[in-house]
Structures are given as structure tokens and as C-alpha cells.
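Here is what each chain is made of, one letter per residue.
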Amino acid sequence: MFTKAFRVKSNTVIKGSDRRKLKVDVSTAFPLLSESELSEVVPNKEEINVVKVYAHKGDAITLYVLHKNPLFFELEKRLYPTVYMLWQYPNVLPSFATWAPVIQKIAGGADLMLPGVVVPSCGLPEVRQGECCVVKVVGNEAPMAVGIAAMSTAEMSSAGMKGRGVSMDALLLQCFLHALKSKVKKSELPLLTSSFLRNHMFPCCPNGKQLDIKKSSYKKLSKFLQTMQQQHRVVRVKELTKGVESLVEVDWKNPVRVIAILFCSLLECHILWTGFLFSDLCAIYCALKGTVLQPGEVRAIITEYVKANELVDENNKNYVHINPILCDCLLEKSEYHEVSILKWDDLFSRTLSKMQECSQFVIAGQQPIMKKGHIEPIDITVASRGSNKKVTLIKNLEMYGLDPIDVSAALQHRVQASAVLHPVPGTKDKVLVQIQGNQIQQVGNLLLDRYHIPRKYIQGLEKAQKGKKK
């Protein structure tokens, strides 16, 4: 609606009575907002502007603007949140996920069609026909569009929604990545794609599930592999014999493409924070406030900006000249008149230091889990109990998407020892696993080989018992 030109009719400061009415309307329309959040979006004393505009199709719209950011708009006597407001409070409305290319179509004015909706393992949110909802991109919690549900959740399912096909997509991706990580060896390449499916992907299918490519959105293995090659650059497929395709190359080195999507792995990310004056730079990649970026993406944005503005020093290309935008973003006030040039590495490190650190857990078939700030590693320790008895304690499993009950059962089966669960003191919903004996080595092997937790996120492996000398 707002991607095309619109005309401003009036811009006035809200009156006291209208402010109170707006607060009531917002509370009614978005009941998930807490009292404190409601006071933040409709403050009692700060100036709120009421801007009346005409959209490109002639629709009369009223915008409510706080600190130069439009938070709500009213169309045909109905109140809607803007994406600016939803970036701060992303969970006030039910959300539907779709793929990035679909968002481009929506931005052009298209509706979100049912085949484009990605159905998570927990199912779709319950919505009524006509209820306000948001659209997000898979892997990104920042809402990208606001709209109205054309039908209820039950009607979506009864209308023949291809939600099952999209679930099947998640299973297909899981088996594909698992096969690359644990089955395929470099010495086997080139490998017939049919053999890859039969001998490597099918055996990776979890118990109780059946991999059926025809029930996926791809329909054919060749189309799926083409997507993995062109969009994600995980593999390279080539027709070595006429009409017969082979897997000729696998990118095992890129953890983002191969390892991080598998089961419960982790991406180190950074978030553009509210005080980061990076609008000019981020416009290059349409990065929005609250967008999650990996360090490599941040480097790419900075590099693109520096080159586009011809800031590389002509005499020494290891240095970058600091223009007013970079000065405001990266320099301390005491450096404004002293620093006019920075090394590339210093430029990148300063940029990351201005962004909030976060971590993203990606579990196959589930929505990614985002955690801000530093995360604690899985902690493995050995303690004494009674007369010279040892027990192994494992905690922080929940942080990595692991169920302590499942881990306990797996360890019991592996080492043939009793295991119990205890609540972690000072926490509400965390438990630790206790198993008899010094089992650090076995716990480490389980976490590394079965659950694919990166070694650097496991603390205590160095205390494992070393083999006895002969």
C-alpha cells in the first residue's frame, strides 16, 4: 500500500481526548500488548502526530506517528500496526511464514497464496476470517507485511492447502543435509544422483517418517538439487552422461550452508540495534532495524558501501577514509577530529562492536530460535557422591534444543548406567542430567556425533579420562 507514491492531506498533533481514544483502540485491537508496552507505543506526554494521507489508489488513510516513525494506520475505521511497530513487538499478532521470493511478490501488491505458506511442525496459528495477521520470512522473526486473513485456519486446511507438501520440504532438506554431513565421502564423487537418494538420503530419514519427493513442492529430485546448487551453492550437479546427472562437488567447508541447518546447530549473528545510524549502509541490502546478520554479511555491506562511495585510500588500499556517516556510526566523540582513516579490520571490528551479539539455533523442520547476548555452553562436570563414587553432571541442554529426558535415555543405553534428572538451583524450567561414573568421554561423543553440537559450545571435554598407558 505504501510502496507507491501517496499524498499528504494534513499533519497535526494529537489532542488529549483523541490520545485517550487511540490508547483504548490500540488496547482493544492488540490485547497481547502489556500495559508497559501500551504506554510505550501510546505515551501520555510525548508528541504524537496524526497524518492523513491518500494512497495511490485514492484510499483515505490516517497515520499515527511517534518520533517520526509511523506506528499505526487506520483504514476504513480499522486500526492496523505498521511493520515499524511490529519490529519492536513482533508477537502481538499471529504470523505466517513464507520464503523470501514470495515477499517480493507481496511487496508488488500480490496476495499471499496458500501454497506459499510454510507450515511449521507445530502447525499454523489459529486465526479467524478477517483477523489481522503478519507475514514473516523463514528464518527471520522481523515481520515484513501486515494483512487480513481471507479465511480461517480451518478453512485453509479444508481448502486443500498444500501444507503437507511444505512439511515434506523440511524432511527432504533434513535428509539431504544429514546425508552430506555423515554419509557422503569425497572419494565417492562423482556420485549418481539416483544413488545419492537411494543409498544416502533414504537411510537418513528419521524413524516413523517416509521421504517422498513427489509429495514435496519440488516433485523431482533434479529440481530440488538444482535449487540447492543455484540458491544455496551447497552442491554442484553435472550431466556426465547424457540424461544422467551426478553429484560432482560438495561444499563441506561452509558451516552456514551444510552444518548449521542440520538438527541443532548454531549461527553466530549480530543484530542492527536501535541507536546504530546505519540507514545509508543498510539500504544497500535492505537491512532493517532488528535484522539478523551474520559477520560475513556485515562485511559485505560495509565493503559495498566503502567501494560505492570511493572511500578506499588511493595510496594504501589497506586503509579506508572515514566520511561523516561512518564517523557518526563508528567513532567516539573524542576521535571526531583525530581519526580520519581506519584499517579494514578495524572498520569491521568497530562495526560489529556497535551491533548486538546474538545466536540463532536452527533445528530441521522447526522455526529458528533466536537468543540475544552471550550463550552458555553445555557444561559437563564430574562430582563425588558418597564413598569414592563419581557421577557425571550435564546442564544447559535446553539452550541447544535438546530434551534432557532424551539425552538421559540415550546415555543410559550407551553406557549401561543409571541416570536421573535434577532441577537446576535458581532456575524455573531447567534440569541437569546425572549419570553414574565418569562418562565425560561418552557424553562428548553423543553430543558431537549424534546431536552435532559444535565442540566449542561444549565445556568440560578436556576433563575426560585419558586412556591408560600400556
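Residues numbered from 1 in each chain as written. Predicted model: local features only at pLDDT ≥ 70, side-chain atom pairs only at ≥ 80, totals over all residues. Heavy atoms only, no water.

- Going by an unreviewed UniProt entry, the protein chain carries the name Eukaryotic translation initiation factor 2D and comes from Gadus morhua.
- UniProt lists a comment for the protein chain under the heading Subcellular location (unreviewed entry), and it reads "Cytoplasm".
- The annotation that UniProt attaches to the protein chain under Sequence similarities (unreviewed entry) is "Belongs to the eIF2D family." (UniProt positions renumbered as here; feature names shortened; annotations may be inferred.)

1. Some words on the overall build of the protein chain
Argument step 1. Secondary structure assignment for the protein chain yields 14 helices and 22 strands.
Argument step 2. Counting only residues that meet the buried cut, the protein chain has 43% of its 470 residues in that class.
Argument step 3. A separation threshold of at least 6 residues defines the contact pool for the protein chain, and within that pool the share at least 24 residues apart is 56%.
Argument step 4. Element-wise, carbon and sulfur atoms account for 51% of the exposed surface of the protein chain, whose accessible area totals about 27,300 Å². (Helix = DSSP H or I, 4+ residues; strand = E, 2+ residues; numbered from the N terminus. Buried < 20%, exposed > 50% of the residue type's maximum accessible area, 1.4 Å probe, protein only. Contact = heavy atoms within 4.5 Å. Areas by Shrake-Rupley, 256 points an atom, 1.4 Å probe, with all protein chains shown as cover.)

2. Structural notes on the pairing of strand 7 (residues 132-137)
Argument step 1. Buried residues dominate strand 7, accounting for six of its six residues.
Argument step 2. Here strand 7 shows no split at all, with Cys132, Val134 and Lys136 on one side and Cys133, Val135 and Val137 on the other all buried.
Argument step 3. Judged from the four bridges that link them, strand 6 (residues 95-98) and strand 7 form a sheet pairing that is parallel. In the strand pairing of strand 7, Ser95 is matched with Val134.
Argument step 4. Pairing between strand 7 and strand 8 (residues 145-148): four bridges, direction antiparallel. Paired with Cys133 across the bridge in strand 8 is Gly147. (Pairing = 2+ DSSP bridges.)

3. Things to note about the sheet that holds strand 22 (residues 458-459)
Argument step 1. In spatial order, the strands read 20-21-19-18-22; together these five strands make up an open sheet with mixed pairing. Looking at which strands have only one partner, the edges of the open sheet turn out to be strand 20 (419-423) and strand 22.
Argument step 2. Across the sheet, helix 13 (residues 404-415) lies against strand 19 (389-395), strand 20 and strand 21 (431-436), angled at about 10° from strand 21, the strand it touches most. (Axes fitted to C-alpha atoms, helices over the stretch in contact; angles between N-to-C directions.)

4. Quick notes on the sheet that holds strand 9 (residues 191-192)
Argument step 1. If you walk across this open sheet you meet the three strands as 9-11-10, and the pairing is antiparallel. With partners counted over all chains shown, the strands left at the sheet margins are strand 9 and strand 10 (235-241), one partner each.
Argument step 2. Note that strand 9 and strand 11 (residues 244-250) share two bridges and pair antiparallel. Within strand 11, the residue paired with Leu191 across the bridge is Leu247.
Argument step 3. Most of the contacts of helix 8 (residues 221-230) go to strand 10, to which it runs at about 130°, and overall it touches strand 10 and strand 11.

5. What to know about helix 12 (residues 344-353)
Argument step 1. Every buried residue of helix 12 is listed here: Trp344, Leu347, Phe348, Arg350 and Thr351. One side of helix 12 holds all its buried residues, which, seen down the axis, span an arc of 165°. In helix 12, the exposed residues that point more than 90 degrees away from the buried face are Asp345 and Ser353.
Argument step 2. Contacts made by the buried residues of helix 12 are with helix 10 (295-308), strand 14 (319-321), helix 11 (324-330) and strand 15 (341-343). (Arc of directions from axis to C-beta.)

6. Describing empty space enclosed by the protein
Argument step 1. For the structure on display, the rule yields one cavity of 30 Å³ or more.
Argument step 2. Every residue lining the largest cavity is listed: Leu22, Val41, Ile48, Tyr64, Val65, Leu66, Leu71 and Phe72.
Argument step 3. Of all the secondary-structure elements, those providing two or more residues to the lining of the largest cavity are strand 3 (60-66) and strand 4 (69-75).
Argument step 4. Top contributing element to the lining of the largest cavity by residue count: strand 3, with three residues.
Argument step 5. For the lining of the largest cavity, the class distribution of residues is eight nonpolar, no polar and no charged. (1 Å grid on protein atoms, 1.4 Å probe; cavity = no way out; pocket = protein on both sides within 12 Å on 5 of 7 lines; lining within 4 Å. Points joined across faces, edges and corners; volume = space filled by probe spheres on them. Nonpolar A, V, L, I, M, F, W, Y, C, P; charged D, E, K, R; others polar.)

7. Side note on the packing of aromatic side chains
Argument step 1. Counted according to the given criterion, the structure contains seven aromatic pairs.
Argument step 2. For the ring pair Phe176 and Phe224, a centre distance of 5.2 Å and an interplane angle of 90° mean the geometry is edge-to-face. One end of the pair, Phe176, is in helix 6 (residues 163-182); the other, Phe224, is in helix 8, and 48 residues separate them in sequence. In this structure, Phe176 and Phe224 share a single accessibility class: buried. (Phe/Tyr/Trp six-rings, centres within 6.5 Å; stacked < 30°, edge-to-face > 60°.)

8. What to know about the pairing of strand 11
Argument step 1. Bridge count between strand 10 and strand 11: five bridges; the pairing is antiparallel. What sits directly across from Arg236, in strand 11, is Glu249.
Argument step 2. Turn length for the strand 10-strand 11 hairpin, with the two strands adjacent in sequence and antiparallel, is two residues, and the turn residue Gly243 shows positive phi of about 85°.

9. So, the nonpolar core
Argument step 1. Membership of the largest hydrophobic core comes to 31 residues, with the highest contact counts inside it found for Val26, Leu33, Val41, Phe72 and Met85.
Argument step 2. Mapped onto this core, the elements with two or more residues apiece are helix 1 (16-29), helix 2 (35-41), strand 2 (48-54), strand 3, strand 4, strand 5 (78-81), helix 3 (83-88) and strand 7.
Argument step 3. It is strand 3 that provides the largest number of residues to this core, a total of five residues.
Argument step 4. Beyond its immediate chain neighbours, meaning those up to four positions away, Met85 contacts Leu33, Val41, Leu71, Phe72 and Val92.
Argument step 5. Within the second largest apolar cluster, 28 residues are counted, among which are Met168, Leu172, Phe196 and Phe224. (Core = buried A, V, L, I, M, F, W, Y, C linked by side-chain atoms within 4.5 Å.)

10. Overview of unusual backbone geometry
Argument step 1. For the peptide bond that leads from Leu189 to Pro190, omega is -5°, which places it in the cis range.
Argument step 2. The topology assignment puts Pro190 in the loop between helix 6 and strand 9.
Argument step 3. A positive phi angle, near 50°, is found at Glu76, a position not held by glycine.

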